[in-house]
Amino acid sequence: MALRKWLLLFSLTTFFFNLNAQIVQNVKGSVVDSESKYPLVGAKLFLVATDSSTILRQMTDIDGRFLFEDVPVGKYNLKVQYSLYLDRNATVVVNSGKESIVNLELQEDITTTEEIEIVGRKNGDVMNEMATVSSQQFSVEETERYAGSRGDPARMASNFAGVQGADDSRNDIVIRGNSPLGLLWKVEGIDIPNPNHFAVSGSTGGPVAILNNKILANSDFFMSAFPADYGNSISGVFDLRLRNGNSSKHEITGQFGFLGTEVMAEGPLNLNSESRASYLVMGRYSTLSMFQAMGVSIGTDAVPIYGDGAFKLSFPLKKGGNLSFFGIGGASKIDIKISDQTTFTEEAFGEGDRDQYFSTAMGVVGMTYKKPLNEKTFFKTTIGTTYDRQKSHHDFLVRSLDTNNVGGQEEVFVRTDSIYPLMGYQFQTYKASIFSSINHKINKHHILRLGINLDGYYLNNIDSSLNTSHDAFVTRHDYKGYAALVQPFIQYKWKVNEKMDLTAGVHSQYFSLSNSWSYAEPRLGWQLRMKNNQKLSAGAGLHSQMQPLYQYTYQTYDSQGNVRRLNKDMDFTKSIHTALGYEKSFKKSLVVKSEIYYQQLYNIPVDQYPSSFSLINQGSGFQRFFPDELVNEGTGTNYGIELTVQKFFDNSFFFLITGSLFESKYTGSDGVERNTDFNGNYAVNFLAGKEFKLNEKNTISAGFKVTAAGGRRYGYVDIDATQENNELVFLDSLFNSRQFRDYFRMDFKITYKLNTAFLTHEIGLDLVNILNTQNILALSYAPNLANPEAEPIAERYQLGFLPIFYYRVDFSISKKRNSKN
């Protein structure tokens, strides 16, 4: 009821601004050749309202740019036509607070016949035209409608077929049964460190994303058999692009919400010139830590503190060239002081035996130069530097039970008897990167791309910990040194005819620290377009990946006290990908597609002595791992079938149904085939959303998501060894022989949007795990001092019910009011 009154009052405050005004905004963008990025002059554009009430026409200028002025707010279909090129359609949502910017790439037409209808790139098609299978466009506008995704690129991607989250409290993603370690993050062509807050060394996910979807352009996500452009990954690639700021009008976005308070600004760098140079800058700080700083109690002292920011400066050059500078970064810290807690619970011991102080930071800055050298050749280079740091300190707590007499009643409480240092570490990695590629269209049938990725590392790792008897410190890492990763590639595409494409490429990879070579990794792709908007596709490739960097610097000591770096010579893990897909497109933006895949992994690091340990199971939580000497003799297989039924958002609703059946197995050094940690056997997602138009200025959107998946794998606990080591120890012979009950979660999201003459207001509420389903994540060590005979084991659960709210406002700083009387 209170919300209803608030919305009514909010609407009345804007009534007089909107009484006789039609709210309008501009739509602009560019049209270029998809291969050479050369501007297409004179392309015809048609902007049609979804109810056909408005039809506008425009043509691109000499720079391939277009502008529709004073477009009434609402949803539109934008159609582009250009002689000798395939038509392209895009859905455009026009709001009053910000101009809508649409940049389109057209594919050159080879020839057309009466047998088959050729269409241009559709919704969901990736930007990289060398990809033929197991790839998906990451559309920011489409995916931010997904319930439960929290504006996080990784959580959004977990809705795709074959992709799952590993832990509700983190955004690690499991791609076709692979460890999250197999994921590669790229921005503007260069590899970047884990772009998440509270990121543990060697991982690819975290609780809160540093990347913000507001700064992203449509990007590509690959799950298998990716083109030769990409290396150092065995499961998937996020190839992200940063969007440019508005080059003609200053615009501001402010947002206040559970996950952070943020401000973003964009606009032209020089209003008095035709340079079209622009800026985009944003920053965010954790809202809960702001409340704590103001003295507002939020129920816990262990408040996560984090902040992040990003920028991009874009300078268009003559003849389609562009020079840009960009940066992304963030820092986070949390202090978990168990010693301050006196209430007795079963979880007060075991994993609660220490105070923990943890902080992380990452950043990347770079420069990108793009230039169409002519109508057939496009050159791109990015030079950047990255930094990431993880720092932690643990104090061990000696605790016991005591009693207090309160009001004549005896109460049990936990007393901390002593505190002493347990361990501490700091890992720092500095990296300089260069990516360069040249794309040449030999003719309309043959396209060639070649390039190189160069990464130079400086590692500074220090780590020490008390031994098991807590009487001496042991140094586990003490390393300063350099390393290099070199990745040249060449990729070729043959448009055989209007029905068929073939791609072939070779990727090579060298890592100096371990002297590892992968001389020639072949990549193949095939695509066949058939009648009635049907398509067959296939792909295969050999891929390799180095191990987490800190694993190379782990050290022990021999009998003479000399340092031994046990795993400095670890080779790449390797993987052979094969996939076959079928796709059928229908009218009304409906697509049905299915893929089958098989992946053979080998060269996986495992124990040199017979055991179940394999690096294939690592990388999905907050723990680092410290294996003994490893050898590249492990193997694994992943295979399955996937189905996607997707209705893209166009008129007023969307839905997405994805399902996968799969197996994920591995073999350790003991020669026994087992389930991997991530072998849930099945996963199903059902998402849907509907937009309700209250009037010309007000809309309400509602959506939901239902996820069901197989439970996590686990084994039998060795009780005696667990009590002796004060941590969980599983029976090695029965590792991953059991499975928790199936996972189920339902999310719901509702947003209200109001367009006024000056502002766009949006209020959203994302209800994660709305049914508060208790999904088991893992077992944990939890001895009970009140009952020493009880087994020291407890179930640890996934995230419970979590309401996430936000309020966002967009507005332009312009002399011209966004209304037309």
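Not measured: the values here are computed from a predicted model.

This brings us to the overall build of the protein. From N to C terminus, the protein includes seven helices and 46 strands. A compact globule built from 821 residues would reach a C-alpha radius of gyration of about 28 Å, and the protein, at 28 Å, matches this within 12%. Expressed as a percentage of the 821 residues in the protein, the buried residues total 57%. Restricting the contact set of the protein to residue pairs at least 6 apart, pairs at least 24 apart contribute 67%. For the protein, the accessible surface area stands at approximately 34,600 Å², while carbon and sulfur atoms represent 56% of it. The averaged location of the 86 negative side-chain charges in the protein is 11 Å from the averaged location of its 81 positive side-chain charges.

Looking now at the side chain of Lys214. Along the chain, the position of Lys214 falls in the loop between strand E14 (208–209) and strand E15 (216–222). Here the side chain of Lys214 touches Glu262 through a polar contact of 2.9 Å, side chain to side chain. Not counting residues within four places of it along the chain, the set of residues in contact with Lys214 comprises Arg243, Thr253, Gln255, Glu262, Met264 and Arg808.

This structure, assessed with the given rule, holds 36 salt bridges. When the shortest N-O distance is used, the salt bridge between Arg241 and Asp220 registers 3.8 Å. With Arg241 in strand E16 (residues 236–242) and Asp220 in strand E15, the pair connects residues that are 21 residues apart, well separated along the chain. Residue classification places Arg241 among the partly exposed positions, given a relative accessible area of 25%. Take Asp220: its relative accessible area is 0%, and that puts it in the buried class.

Below, the discussion takes up the confidence of the model for the protein. In this model, the protein carries an average pLDDT of 88, and 92% of its residues clear a pLDDT of 70 or more. In this model, residues 112–120 is a region of pLDDT below 50 whose contacts with residues beyond four sequence positions or in other chains number 15 contacts.

So, on to the nonpolar core. Proteins that are soluble and globular tend to have nonpolar side chains buried together. Counting 34 residues, the largest nonpolar core has Ile173, Trp185, Ile215, Phe221, Phe238 and Ile328 as the members making the most contacts within it. In this structure, Ile215 is in contact with Arg241, Leu242, Arg243, Met264, Leu280, Met282, Ala310 and Ile328, ignoring residues within four places of it in sequence. Judged by nonpolar contacts, the second largest core, of 26 residues, contains Val208, Phe427, Tyr552 and Leu615.

The strand order across the open sheet built from five strands is E8-E15-E16-E11-E12, with neighbouring strands paired in mixed fashion. Where the open sheet ends on each side, the last strands, each with one partner, are strand E8 (135–138) and strand E12 (190–191). As defined by bridge partners, strand E11 (residues 183–187) adjoins E12 across two bridges and the pair is classed as antiparallel. When the bridges of E12 are listed, Val187 appears paired with Ile190.

Throughout the structure, instances matching the rule amount to 29 aromatic pairs. Taking the centre distance of 6.4 Å and the plane angle of 10° together, the rings of Phe435 and Phe489 count as stacked. Of this pair, Phe435 sits in strand E24 (residues 409–441) while Phe489 is found in strand E26 (residues 473–495), placing the two residues 54 residues apart along the sequence. Taken as a pair, Phe435 and Phe489 share a single burial class, namely buried. With a centroid separation of 3.9 Å and 5° between ring planes, the pair formed by Tyr714 and Phe740 is classed as stacked.

Here we take up a nonpolar patch on the surface. On the surface, a cluster of nonpolar side chains totalling about 300 Å² of accessible area is made up of Phe256, Ile750, Leu765 and Phe805. With respect to the element layout, Ile750 can be found in strand E41 (residues 743–755). You can call Ile750 partly exposed: its relative accessible area is 35%.

Looking now at the sheet that holds strand E3 (residues 55–59). Spatially, the four strands line up as an open sheet ordered E3-E2-E5-E6, and their pairing is antiparallel. Only two strands of the sheet have a single partner each, and these edge strands are E3 and strand E6 (88–94). Adjacent strand axes in the sheet meet at a mean angle of 20°, parallel and antiparallel pairs treated alike. Pairing geometry for strand E5 (residues 74–81) and E6, over seven bridges, is antiparallel. Bridging from a neighbouring strand, Lys79 pairs with Asn89 of E6.

A separate point is the pairing of strand E42 (residues 759–768). Buried residues dominate E42, accounting for seven of its 10 residues. In the sheet, E41 pairs with E42 via eight bridges, with the strands oriented antiparallel. Note that in E42 the partner of Thr751 across the bridge is Gly764. Connecting the antiparallel pair E41 and E42 is a turn made up of three residues. Summarising the sheet, E42 and strand E45 (residues 802–813) pair through 10 bridges and their orientation is antiparallel. Looking at E45, one finds that Val768 is bridged to Leu802.

Moving on: empty space enclosed by the protein. Evaluation of the coordinates by the stated rule reveals nine cavities of 30 Å³ or more. Looking at the largest cavity, its volume works out to about 850 Å³. Lining of the largest cavity is provided by 50 residues; of these, Gly202, Ser203, Thr204, Pro548 and Leu549 occupy positions nearest its centre. Per-element tally for the lining of the largest cavity: the top contributor is strand E23 (residues 377–406), with four residues. Its volume calculated, the second largest cavity comes out at about 510 Å³.

A few words now on the environment of Ile641. Position of Ile641 among the secondary structure elements: in strand E34 (residues 630–647). For Ile641 and Leu280, which are 361 residues apart along the polypeptide, the C-alpha to C-alpha distance reads 42 Å. Once you skip the residues sitting within four places of it in the chain, Ile641 turns out to touch Ser594, Glu595, Ile596, Tyr597, Gly659, Ser660 and Leu661.

A word on the pairing of strand E19 (residues 278–285). Strand residues, when the strand is regular, have side chains that alternate between the two faces of the sheet. Bridge count for strand E18 (residues 260–268) against E19 is eight bridges, and the pairing is antiparallel. Paired with Glu262 across the bridge in E19 is Arg284. Judged from the eight bridges that link them, E19 and strand E20 (residues 305–316) form a sheet pairing that is antiparallel. The residue bridging Gly283 from the neighbouring strand is Gly309, located in E20.

Bringing unusual backbone geometry into the picture now. If you check the backbone angles, Arg176 has positive phi at about 50° while not being a glycine. Along the chain, the position of Arg176 falls in the loop between strand E10 (173–175) and E11. Arg176 sits in the buried class, given a relative accessible area of 3%. Even without being a glycine, Asn232 presents a positive backbone phi close to 55°. Summarising the element assignment, Asn232 is placed in the loop between E15 and E16.

It is worth spelling out the side chain of Ser437 at this point. Structurally, Ser437 is set in strand E24. The buried category is assigned to Ser437, whose relative accessible area is 11%. If near-sequence neighbours (up to four positions away) are discounted, Ser437 is found in contact with Phe378, Phe379, Lys380, Leu450, Gly451 and Phe489.

Take Ser559: it is sitting in the loop between strand E30 (555–557) and strand E31 (563–565). Taking the relative accessible area as the measure of exposure, Ser559 reaches 70% and is therefore exposed. Once the C-alpha coordinates of Ser559 and Ile750 are considered, the two residues, 191 residues apart in sequence, prove to be 64 Å apart. Only 3.0 Å separates the side chain of Ser559 from the side chain of Gln560, close enough to count as a polar contact.

About the thresholds
- Residues numbered from 1 in each chain as written.
- Predicted model: local features only at pLDDT ≥ 70, side-chain atom pairs only at ≥ 80, totals over all residues.
- Heavy atoms only, no water.
- Helix = DSSP H or I, 4+ residues; strand = E, 2+ residues; numbered from the N terminus.
- Rg over C-alpha atoms; globule rule 2.2 N^0.38 Å.
- Buried < 20%, exposed > 50% of the residue type's maximum accessible area, 1.4 Å probe, protein only.
- Contact = heavy atoms within 4.5 Å.
- Areas by Shrake-Rupley, 256 points an atom, 1.4 Å probe, with all protein chains shown as cover.
- Lys, Arg positive; Asp, Glu negative; His and termini not counted.
- Charge placed at Lys NZ, Arg CZ, Asp CG, Glu CD.
- Polar contact = N/O pair within 3.5 Å; in protein donor to acceptor, adjacent residues only side chain to side chain.
- Salt bridge = Lys/Arg side-chain N within 4 Å of Asp/Glu carboxyl O.
- pLDDT = per-residue confidence, 0-100.
- Core = buried A, V, L, I, M, F, W, Y, C linked by side-chain atoms within 4.5 Å.
- Pairing = 2+ DSSP bridges.
- Phe/Tyr/Trp six-rings, centres within 6.5 Å; stacked < 30°, edge-to-face > 60°.
- Patch = residues over 30% accessible without salt bridge, like charges linked within 9 Å, V, L, I, M, F, W, Y side chains within 5 Å.
- Axes fitted to C-alpha atoms, helices over the stretch in contact; angles between N-to-C directions.
- 1 Å grid on protein atoms, 1.4 Å probe; cavity = no way out; pocket = protein on both sides within 12 Å on 5 of 7 lines; lining within 4 Å.
- Points joined across faces, edges and corners; volume = space filled by probe spheres on them.

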